[in-house]
Structures are given as structure tokens and as C-alpha cells.
Amino acid sequence: MSYRAEGYAAKYFAKQPKQRDFVILPPQPLDRITFNTPDDGVLAGYVSIIRQHLGNGERFAWVELDNEPPGMFRGVTLADIITCDDSGTSRRNGDAGGQVRGLCLGDYSASLREEGEARD
């Protein structure tokens, strides 16, 4: 490689944004992320919470996927996250201009049973 090509390569790679390590600096709740999956390709959604796997301790982001019914979550390993918009704080505080999203992980099976019993 010539000196000129080395200089060009150094300038080119210096202009590229640094890739964030999402394992060390995970996204916050309500951040919109994109992530890679082996079966469905690249997907996007909003982070609900970061949890640790009980077996191996690996951390997962529970993500509510775009274009899916509300309440449908997917566990995404932090290493699979590609991008993050870091706008979760403004969404939580209502500064997003009508884009406030309320996400929660919970067990609503008891209330669903009560509604089913009330219908009978």
C-alpha cells in the first residue's frame, strides 16, 4: 500500500462514527433501537427494560417491536443491537411532541381471568 493510500484510508476511517458498545452502555427504556436477528433480519422497536438471564447472566433488552400488536415483546441480546436513538428520556418526559409511548412488562393473566369470569 502506498503512502497516499494509507493517508486516504486513515482520513476515511477517522470520519466514520465510532460504533457504540451496547453491552457496556446499554440503551435506556423508550429508546428506539434496531437489531439483527438470525431468523427475521433487521428489526426495530422500543426498549421496555433491560433484564438479566437467570441461567447465564447475559443481559437482554425487552423490545416492543414496530408493526406488531401492542404488548408483543422480544428479548434481544445487547450484542445484537445495531443502532439506538437515545431519545428515551425525552419520550419519558413528554418532550417528543406526541410520541409518548407507555410500555410495560407485566402479568395481566389474573385480570384477564376475572374479565372472562365476569362475562360468564
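Refer to the structure printed above.
The sections below set out a description of the structure shown in this document. Here the structure is a predicted model, which means the values were calculated and not measured. (Residues numbered from 1 in each chain as written. Predicted model: local features only at pLDDT ≥ 70, side-chain atom pairs only at ≥ 80, totals over all residues. Heavy atoms only, no water.)

Some details on the overall build of the chain
- Helix and strand counts for the chain stand at three helices and five strands.
- Secondary structure of the chain in N-to-C order comes out as α-β-β-β-β-β-α-α.
- Counting over 120 residues, the chain shows a buried share of 23%.
- Sequence-distant contacts, at least 24 apart, represent 45% of the contacts inside the chain between residues at least 6 apart.
- Accessible surface, the chain: about 8800 Å² in total, of which carbon and sulfur atoms supply 53%. (Helix = DSSP H or I, 4+ residues; strand = E, 2+ residues; numbered from the N terminus. Buried < 20%, exposed > 50% of the residue type's maximum accessible area, 1.4 Å probe, protein only. Contact = heavy atoms within 4.5 Å. Areas by Shrake-Rupley, 256 points an atom, 1.4 Å probe, with all protein chains shown as cover.)

What to know about the sheet that holds strand E1 (residues 32–37)
- Taken together, the five strands give an open sheet; going across it, the order is E4-E3-E2-E1-E5, and neighbouring strands pair in antiparallel fashion. The sheet is open, and its two edges are formed by strand E4 (73–77) and strand E5 (81–84), each paired on a single side. The average angle at which neighbouring strand axes cross in this sheet is 45°, direction not considered.
- The pairing of strand E3 (residues 59–65) with E4 spans five bridges and is antiparallel. Counted as the bridge partner of Ala61 is Val76 from E4. (Pairing = 2+ DSSP bridges. Axes fitted to C-alpha atoms, helices over the stretch in contact; angles between N-to-C directions.)

Thoughts on the environment of Phe35
- When you line up the elements, Phe35 lands in strand E1.
- Ignoring anything within four residues of it in the chain, the contact list for Phe35 reads Gly41, Val42, Leu43, Ala44, Val63, Leu65, Arg74, Val76, Asp80, Ile81 and Ile82.

Some points on the nonpolar core
- Counting residues in hydrophobic clusters, the biggest one holds 11 residues: Phe22, Ile33, Phe35, Val47, Ala61, Val63, Leu65, Val76, Leu78, Ile81 and Cys84.
- For this core, the elements supplying multiple residues, two or more each, are E1, E3 and E5.
- Residues within four places of Val76 in sequence aside, it is in contact with Phe35, Arg59, Phe60, Ala61, Val63 and Ile81. (Core = buried A, V, L, I, M, F, W, Y, C linked by side-chain atoms within 4.5 Å.)

Re the pattern of salt bridges
- On inspection of all chains with the given rule, the structure shows three salt bridges.
- A salt bridge links Asp39 to Arg74, with the shortest nitrogen-to-oxygen separation between them at 3.1 Å. With Asp39 in the loop between E1 and strand E2 (41–52) and Arg74 in strand E4, this residue pair connects regions lying 35 residues apart in the sequence.
- Asp40 is paired through a salt bridge with Arg74; the nearest N and O atoms lie 3.0 Å apart. (Salt bridge = Lys/Arg side-chain N within 4 Å of Asp/Glu carboxyl O.)

Observations regarding the packing of aromatic side chains
- The full count for this structure, using the stated rule, is zero aromatic pairs.
- Over the ring of Tyr46 we find Arg32; its NZ or CZ atom is 5.9 Å from the centre of that ring. (Phe/Tyr/Trp six-rings, centres within 6.5 Å; stacked < 30°, edge-to-face > 60°. Lys NZ or Arg CZ within 6 Å of the ring centre and 35° of its normal.)

Observations concerning unusual backbone geometry
- The phi angle at Leu30 is positive, at roughly 75°, despite the residue not being glycine.
- Although it is not a glycine, Asn67 adopts a positive phi angle of roughly 60°.
- Within the secondary structure, Asn67 is located in the loop between E3 and E4.
- Residue Asn67 is classed as exposed on the basis of its relative accessible area of 80%.

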